[in-house]
Structure formats: structure tokens, C-alpha cells
Amino acid sequence: MTERRPLVEQVCGELRQGGAVAVVGPTGFGKSAVLDAVCTQWQAAGDPVVRLSSAPADADVAYAPLVDLFTACPAEVSGELSDHQRRAIDWVLRRVTGPEPDTTTLRVTVLSCLQTWGRRARPLLAADEVHWWGPASLDVFGFAARRIRGSVSLLAALRPDGPSPHDVLGGGAVEIGIPTLGPEESAAVARSLGIPLRTAGRIHTATGGNPRLVSDIAAGLARAGTPATALDTRPLAPFARKAIRAWLADLAEPVRRVLLLAALAADPSVATVRRAGGPPADAALAAAEAAGLVRVVGGAVAFPAPVVREGVVAEAGDEAVRRAHHVLAGASAGPADRAWHEASAWAAAEIPPALVEALAAAAVGAREGGDRVRAAELGLLAGERAGGARPDLLVAAARDAEAAGRFDLAWTALERIGRTRAGPAARARARIAVIDAAGRGAALLEGVAVQALVDAGAGDEPALVSAAHLRLAWSAHLNRGFCAEALAHARDAVEWAERAGDPAARAAAMTLTARIEQGRGAVEHTATLRLALAPGSAGAAPRVTADPRRAAACFALLDDRTAEAGRLFDELRPVVAGSGGPADLLWLLDGSVQVHAARGEGRAAREEAGRLLDLARTLGASPGPPWYAAATAELAGGELEQALAYAELGLAASEEEADVLVAAHCLHLSGLTRLLLRDTVGALADLLRVRDLVRELAIADPALIRYDADLAEALVAAGDPAAGARQVAGARRRAEELGRRGVLASLDRAEALCRTAAGQFGPAEELLLRALDTFDHLGYPLERGRVLLAHSAVERRRRRPARARELQASAEAVFRAAGAPLWGAARSERSGASSWLAGLTDAEKRIAELVADGYGNRDIAAARYVSVKTVEAVLTRIYRKLGVRSRVQLVALARKDERRPDR
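Computed from a predicted structure; not experimentally measured. (Residues numbered from 1 in each chain as written. Predicted model: local features only at pLDDT ≥ 70, side-chain atom pairs only at ≥ 80, totals over all residues. Heavy atoms only, no water.)

Caption draft 1: Representation of the overall build of the protein chain within the structure. Looking only at helices and strands, the protein chain features 48 helices and 7 strands. On C-alpha atoms alone, the protein chain measures out to a radius of gyration of 32 Å, which is about the 29 Å that the 2.2 N^0.38 rule sets for 903 residues. For the protein chain, the spread of C-alpha atoms along the principal axes amounts to about 100 × 90 × 40 Å. Per-residue burial for the protein chain yields a buried fraction of 54% across its 903 residues. For the protein chain, the share of sequence-separated contacts (at least 6 apart) that also reach a separation of at least 24 residues comes to 66%. Carbon and sulfur atoms make up 53% of the accessible area of the protein chain, which amounts to about 36,800 Å² in all. Once the 110 positive and 109 negative side-chain charges of the protein chain are each reduced to a mean point, those two points are 3 Å apart. (Helix = DSSP H or I, 4+ residues; strand = E, 2+ residues; numbered from the N terminus. Rg over C-alpha atoms; globule rule 2.2 N^0.38 Å. Buried < 20%, exposed > 50% of the residue type's maximum accessible area, 1.4 Å probe, protein only. Contact = heavy atoms within 4.5 Å. Areas by Shrake-Rupley, 256 points an atom, 1.4 Å probe, with all protein chains shown as cover. Lys, Arg positive; Asp, Glu negative; His and termini not counted. Charge placed at Lys NZ, Arg CZ, Asp CG, Glu CD.)

This is the structure in C-alpha cells:
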């Protein structure tokens, strides 16, 4: 329940103040869990709690919730009631027989009971599963609820399709909607059960963040026996079957029938469902939408939790599914959809050959229309229905799946090809598609790459052999200490591409060769890249992934040529939009984040990082690089604590996928963030691990992972300036050999701190001025701000407080202009730091400051990239911690602090 703690605190705060709260959310959103947590807190405070629970069997039981109330009512309370009222209680509890008390008597009895109890304590009545209450129970309880506000606290968990908060709790009740879990919250649930982050992303996408489904699926995977791997492709619906079955049981048969049609429809539009479902379709869709199972938007029927769609199909049974496909075939508007439904309704052994050809043609049409996911699905169905006679359809499906970034579909195609008589070349092509669809997780598929090379050799196709060598080079490049092996495979890929007469494949292989050479510090990498970029090579590349301009943009960033990198990214944008796939878009967004962050454009970096994370989750792509990009963006324009959280997620994901290179990058950001948060011990531990990984990976270029200056600064902060100076000296030699200007400027800053520790203030100032000039020339404002902070620290050591304050103010102006969080850490060093913010977390401080500056909740939500409800929950915590009750009081507290004499 930790991911719901802010919500629980908000509910408790509202109960203490207002007395009546309705927690509203669709099935599976964790309403009962919120009630459990609130009741636990209430009891911990010494106040009584009464849970009013119901079940489907109670729907026809008169006054079922009153049984819980009267059973829990203390004897001293009931003793103060009249004999007439006690007899009514005895009748509800079936202690006596006889005629049912009239409604007025029961109303007054419940009211008197609660009023009497409220004079002795502050009881909390928590009503769950209220949609199973009968009309009589709602009437009696609602009568009392409208009249006891202030003496008894009322809490109810309600569904959108159930009774209204007014009916249950009376007018004026605070209504709090339960949001879905965010991606990080879903990841936290899954990780607590040992589920890899890539699989956690799949779970979040499949469930739409529905808390019940997230929990059930993660727990089911954990219990499954076989450990879930980062590239796990098991279907998730079976692990959510119990919850889905229970939700469907609440629906009438006509609703379930229409829901099945919507789940199976190739075109899940309202018009299609109407044609297939007939007149009852609209009412059935409305009922399913009220239950939170579907959403009707813009004429389309969508499942907020896609796994529910799979569950609906699984629960229907094979015969019902076949019948539904027959109906949908007749209701389909286009030939492709009609072929899909007709083929799905036939058994594989019975399907007419013409229908297989229709599916194949539909796959081609989807491919040409840019819908590679649909093309892959059509190709898989066509290949399956062809009974193994058409492995070419499955190979095409695998390549479509790879282009769409769908590893699960590509893997399915490879498995089905294994059951056919496909030749070695077809198998090699399918294996290569699977490797490419795995993204950074390709390091886990080395066996697949090795077999692809074997198949390619047996197929006697030099271009395929080159492609297999290229994938083996990538796999080795991502793994620990395999640079020599990676370089050998890359050069073999160049040779086989030349034999095949394939300029695009040769350019791609030479590009990777240049990247590996660059990491090893080999100066010839520039000549290799120049050959890859020779006229005709880039234009010949069939895919953006093979375009040498990708590597050129990366090299430009390494060489601190951000303007050139930005230009190359801009050149590739229309290529990605035209012929690129999701993997190309992931790369483009990642590069855009790095460019914006380097330029100090924090807001733009965070916006791009948000799009990158969303796309990666939708695709089920490797989460390590997107989390790393998000951490980079947070450092440039967000919060240090959030940057650290993202870096830790990126590290965990990369370690799960054996991607040591990205893991080292994430460790560097983690160490840097801890350094800025004044966590010297943690920063040193992270940065020393980076040093070990860099050595194991044989990385000689200090620009690839720019950790040296930060490690030196951490060593100085830990009291070992001599070790810091040695780290600077070693890195400086390599940076000077390769002409890495940005790295040299960072080392100047670090060396200045080392010299300051030794009392060498003059040389330290010269180094800082040189670093300031370099970063100013390169256009790195945040690095320039860090130099100003270091200079301020030097001036404080020299006992020049006025100059130190002037430099610090300049640094803060730089960070503020970029929207970066670093100035917040710097501000904490000021003697007059805001005392009114004491006790708040960094995130809470930032929101409190925005409130004090006059921002409304919606503006704060937009600025912090969170929901308005999250802002409201954080404000509730802030008010409690600061001892204020409103926004006005918080602003007054801030103004009072500003007027302090020492400010």
C-alpha cells in the first residue's frame, strides 16, 4: 500500500476535517485497500472503527450493513437508547422475531446510536461494496449520514456505476477519485515481487495501471515457478483471470456478449459493434463503460486495461469466440477485417487457401499503410492457418514485428517458423528480426545470434552473414569486457557486406566499427566513420538504424558539438517519420533529450523524456535507456530526488538486460546526483563502481562516460584530495590525446577543488576561469553554473564572503534560467535558508514555493508534470507538516519568513 500512501493521508485528513469522504473508482482500483489503510491509521490513533461490508449474496438481505453497525455498537451506547430502539436493534440482529420495524423507527435508531456513540468517541464508519446494498439499507443509512456530520466520520468506497455519494453520505461529502497507478508505482509493485522492469512495463501497459490487475499479474508471474526474464513473452491474461471472471460475473449476459464482440473486433468502433450486436449494443456498451471495463471515445471502443480484452476472450470459450468471429465477419466494413474474422472462425485444417491469400494481401496492405503491428498480426494468422506451408509469411510477420518494436510478436513468429520446414535463410532472417526487436536486451539473445550466423552460413547468402556478424558485434559491445570480440565481428560484417555488394550493410557495419574503436580510444575511428558517411552510403541505408548519420550525431555529442548534433537529428526527423520504426523514434527522442539537457533547456528535455518513457512502455522496449534519459532530463530541469530515482530504475533495468554500458551511465548519474545532494559516501560508492565498469569494458575515451571529474570531486569531499588529483591527472592525459574539450573543462573544475583543499587558491582560480570560458564557448550553461558554484566555494575558503555570495548568486541565476534543480542544492548552503520549509522533502518544498509564488494547482501540476490530484495530496501533507490549514495561511507563513531580519 506504500504507492497509495499520499492518497491514504489525504483521505484521513479530509475525514478529520469534514467528516465524510467518498472514495470513488472502478472495479479493481484498490478502494478496499485504501479503506483498510485508513481504518488501520484511525485505529492506531485510538478511535473506534466499524467496517460495513457487503457481498452479492447480501443484495436481497434487508438492512445487511446495519448488522455490522449494531454488532460493533458498545453496550454502554445501546444502553442509553430507548426500549423501542433496542428492540429494533435486536430485530436487525435476529435476536427476536416478529414484524419488521417501520422505516422511521430504524432511521431514528441508527441516528440515535451514532449520535450517542459520537459523544463518547470519534468512531469511523467505513462502508465497502456499497453497490450491493439494497434500497432500504441506503435509505436508513443516508438518513443518519445527513444528520451526524461532525460527531461521526463516514467513509464509503463507491463505484461510478453504483449509488451516488449524496445517497450514501449526504450532501457535502468530499469525493476523492482513486487514480490508476502510475508507471513508477506499477514498477514498484512488480519489483517488490522480483519482476524485471521490462516485464513491469508490460504489466503496466496491459493493465492500464489498474491496481488489482497489476498486483494479481505480478504475483502470478512470481508464483509461476520459472523466473521471469527481461524478455519474458508469456501472456499476462491467465494471471488476471480470477479478477476478470469476478467482474464479468457482475454483468448481464447481453452485456458480456457485446463485450466479447468489442474484444474481438478488428475494427473496434461503435459502428462495428452496433452492426454485430444489434439494438442492445448501445445499452450494453454503456453498462460495460459504467463498470470501468471499456471506454467509448470518439466513436471507438477501447479497453483501458488491454489485458481485460484478452480475458474476456479467454472466458468466453472457443465455440463462443468462433460464433462471434462469424458475426463480426458479416459486420466488417473492409475486406481485410472480413478476412481476419473469417480466418479466425475456421480451424486451420479447414480454411480455404484463398482465405490465406486474402490474409497475406491484407498484411501487405497494412505494411504499406504503415501499420506494422497489424501487418505482423495478419501475417502470423496467415502463416498459422497455412499449416506450415508458407514460412515466408511468418518471416514477413517477424520483420513487421521488429519494425513495430514488438518483441513478443517477433518471438511468436520465430517459434512458429521452428515448426515448419523453412530453410536456413528464412530461419536466419527471423532470428535477426527477433534480435533487433529485443533492442538493448539483445545481449540476452547471444545464442539466437550465434544460431543466426550458423543458419546464414548454411543459406549461402553473404548479406545475411554480414547481418548476423553485426548483431553478434552489438551483443558483445553491450556485454562486459567483450570489446575485442565485438570489433572482430564488426570487421567481419564489413567484409561480408563487401562480398554481398551491399553498400548500406557495409556502411552500418563500418559505423559500428567506428563506435567500438572510439570507445577504445582509437584515433582511427574518425577515418572509419568518414568512410561510412561517404556519398551514397547514408542514402542507401534501407532503415534509419543503419544510417551512419546516427553515429555521426552521437560522435558530435561526444565531441561537444551540440549544434552539429542537433542539425543531424533534425535531418533524420523526416526520415524517422517516413520510413523509420518505433526503435528509430526511441533513439531520436533519446538524442533530443541529451541535446536539450546539454544546452540547459530543462523543460524541453523533460517533455521529450516523458514522450520517450511513454513510447518505451507502449512498445515494451528496453527500459534502461529511457530511464537514463529521464534522469538526465531531471538533472537539467527537474528535481534531484526524482533524477536519482530514475537513475536507479535505469541501473536496475540495464543490469537485468546485461546492458553494462547503460548501467555504467546510470551509475554515473546516480553518483553525480548523490554528490549534489551532499551524500558523499553514496556518491563515492557509485562513482567507484563506474570506474570499475569502465575498466572492464576497456573504455579509453573519457567523453563516453564523463565520470572522472565527479569522482575526483567526491574524493575531495571525502577528505582524499590526493586521490582526486590522481584521478584528474589520469583522465587529463586521455582527454588531451583525443581533444575532448568539455571533459578537460570538467577536469579543470575538479582540479581546482583539489588545489583549493591544498591551499593553492591562485592556481585554483586560474583553472576555474579557464573552465568557465570553455563551457561558455561550448554552450553548456549548467556546467558553467557548476564552475561558478565551485568558484564560490573557493572564495569562501579564502574568506571572501562578498565575492562568494556574488558568484553563488550568478550560479543560481544560471540554474534558475534553465529550470534546473542544482540551484536548489546550492541555495541550501546560504546562511539565510528558508526556515518555513524545514521538515519538507525536496518535492514538497518545490510545490510549497510555487504556492507561495501564487501558482494555482493546475499550474503547479503542469510545471511539475504530475496530476492535479497529486498536487492536492502533496499540499495536504505540506499543510499538516507546517501546521497550517489553507493556502492563504501557507502564503502568510512564507511572507513572514521573507521579513526575517537575517534574510
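From this point on, the discussion continues.
Caption draft 2: Broad picture of the packing of helix H32 (residues 582-598) against helix H34 (residues 624-637). Viewed as axis vectors pointing N to C, H32 and H34 meet at an angle of 20°, and their least axial separation amounts to 9 Å. For the element pair H32 / H34, the angle class is roughly parallel. Seen from above, H32 lies across H34 with left-handed handedness. Of the residues in H34, those touching H32 at Asp-590, Val-593, Gln-594 and Ala-597 are Pro-625, Tyr-628, Ala-629, Thr-632, Ala-633 and Ala-636. (Axes fitted to C-alpha atoms, helices over the stretch in contact; angles between N-to-C directions. Parallel < 35°, antiparallel > 145°, perpendicular 65-115°, else oblique. Left-handed = near helix turned anticlockwise from the far one by under 90°.)

Caption draft 3: Structural detail: the environment of Pro-254. Relative to the helices and strands, Pro-254 is located in helix H13 (residues 253-264). Pro-254 sits 478 residues away from Arg-732 along the chain, and the two C-alpha atoms are 74 Å apart.

Caption draft 4: View of helix H43 (residues 801-818). For H43, with 18 residues, the first-to-last C-alpha span of 26 Å sits near the 26 Å given by 1.5 Å per residue. Once H43 finishes, Gly-819 follows within two positions and takes phi at roughly 70°, a positive value. (Expected span 1.5 Å × (residues − 1).)

Caption draft 5: Representation of empty space enclosed by the protein in the model. If you walk through the whole model with that rule in mind, you get 3 cavities of 30 Å³ or more. A volume near 150 Å³ is recorded for the largest cavity. Contributing to the lining of the largest cavity are 16 residues, with Leu-197, Gly-201, Arg-617, Pro-623 and Trp-627 lying nearest its centre. Elements represented by at least two residues in the lining of the largest cavity include exactly helix H9 (183-191), helix H10 (197-207), helix H33 (602-619) and H34. It is H10 that provides the largest number of residues to the lining of the largest cavity, a total of 6 residues. Looking at the lining of the largest cavity residue by residue, the class counts come to 10 nonpolar, 3 polar and 3 charged. There is about 60 Å³ of room inside the second largest cavity. In terms of lining residues, the second largest cavity is bounded by His-477, Cys-483, Ile-516, Gly-519, Arg-520, Leu-661, Leu-697, Ile-699 and Leu-704. (1 Å grid on protein atoms, 1.4 Å probe; cavity = no way out; pocket = protein on both sides within 12 Å on 5 of 7 lines; lining within 4 Å. Points joined across faces, edges and corners; volume = space filled by probe spheres on them. Nonpolar A, V, L, I, M, F, W, Y, C, P; charged D, E, K, R; others polar.)

Caption draft 6: Seen up close, the packing of aromatic side chains. Under the definition given, this model contains 6 aromatic pairs. Here Trp-133 and Phe-141 contribute two aromatic rings whose centre-to-centre distance is 5.3 Å and whose plane-to-plane angle is 80°, an arrangement assigned as edge-to-face. Of the residues examined, Phe-141 reaches a relative accessible area of 5% and is grouped as buried. Residues Phe-775 and Tyr-780 carry aromatic rings whose centres are separated by 6.3 Å and whose planes lie at 35° to one another, so their mutual orientation is tilted. For the pair shown, Phe-775 and Tyr-780 are each scored as buried. Here the basic side chain of Arg-374 rests over the ring of Trp-340, its NZ or CZ set 4.2 Å away from the ring centre. Positioned above the aromatic ring of Trp-496 is the side chain of Arg-499, whose terminal nitrogen or guanidinium carbon lies 4.1 Å from the ring centre. (Phe/Tyr/Trp six-rings, centres within 6.5 Å; stacked < 30°, edge-to-face > 60°. Lys NZ or Arg CZ within 6 Å of the ring centre and 35° of its normal.)

Caption draft 7: Highlighting the confidence of the model for the protein chain. Considering every residue of the protein chain, the mean pLDDT works out to 86; 93% of them sit at 70 or more. In the predicted structure, residues 538-542 sits below a pLDDT of 50 and forms 9 contacts with residues beyond four places in sequence or in another chain. Low pLDDT, under 50, characterises residues 826-833; the stretch is placed with 18 contacts to residues that sit more than four places away or in other chains. (pLDDT = per-residue confidence, 0-100.)

Caption draft 8: Representation of the nonpolar core. Residues Ile-203, Leu-213, Leu-259, Leu-293, Val-308, Phe-569 and Ile-705 are the most contacted members of the largest nonpolar core, which totals 155 residues. The dominant element in this core, judged by the number of residues it contributes, is helix H36 (residues 660-676), at 11 residues. Leaving out residues up to four positions away in the same chain, Leu-293 has contacts with Trp-247, Leu-248, Leu-251, Leu-259, Ala-288, Phe-303, Pro-304 and Val-308. Counting 40 residues, the second-largest nonpolar core is a separate cluster that includes Ile-89, Leu-138, Val-140 and Phe-143. (Core = buried A, V, L, I, M, F, W, Y, C linked by side-chain atoms within 4.5 Å.)

Caption draft 9: Representation of the side chain of Thr-116 in the model. With respect to the secondary-structure elements, Thr-116 resides in helix H6 (residues 103-120). At 2.8 Å, the side chain of Thr-116 and the backbone oxygen of Ser-112 are in polar contact. In this structure Thr-116 touches Val-77, Glu-80 and Leu-81, once residues within four positions along its chain are discounted. (Polar contact = N/O pair within 3.5 Å; in protein donor to acceptor, adjacent residues only side chain to side chain.)

Caption draft 10: The packing of helix H40 (residues 741-757) against helix H42 (residues 781-797), seen in detail. Between H40 and H42, the least distance of the axes is 10 Å, while the angle of their chain directions is 10°. Taken together, the axes of H40 and H42 are roughly parallel relative to one another. Side by side, H40 and H42 meet where Ser-746, Arg-749, Leu-753, Thr-756 and Ala-757 of the first sit next to Glu-783, Arg-786, Val-787, Ala-790, Val-794 and Arg-797 of the second. When its residues are assigned to classes, the contact of H40 with H42 shows 5 nonpolar, 2 polar and 4 charged.

Caption draft 11: Examining the environment of Ala-240 more closely. Structurally, Ala-240 is set in the loop between helix H11 (211-223) and helix H12 (241-249). A sequence separation of 21 residues divides Ala-240 from Ala-219, and the C-alpha atoms of the two residues are 9.8 Å apart. Here Ala-240 is in contact with Leu-213 and Ile-217, once residues within four sequence places are set aside.

Caption draft 12: How the structure looks around the sheet that holds strand S1 (residues 20-24). Pairing is parallel in the open sheet, where 5 strands are placed in the order S2-S3-S4-S1-S5. Edge positions in the sheet fall to strand S2 (49-52) and strand S5 (174-177), since each has one partner strand and no second. The average angle at which neighbouring strand axes cross in this sheet is 15°, direction not considered. In the packing of helix H3 (residues 64-72) onto the sheet, the strands contacted are S2 and strand S3 (124-127), and the crossing angle to S2 comes to about 160°. (Pairing = 2+ DSSP bridges.)

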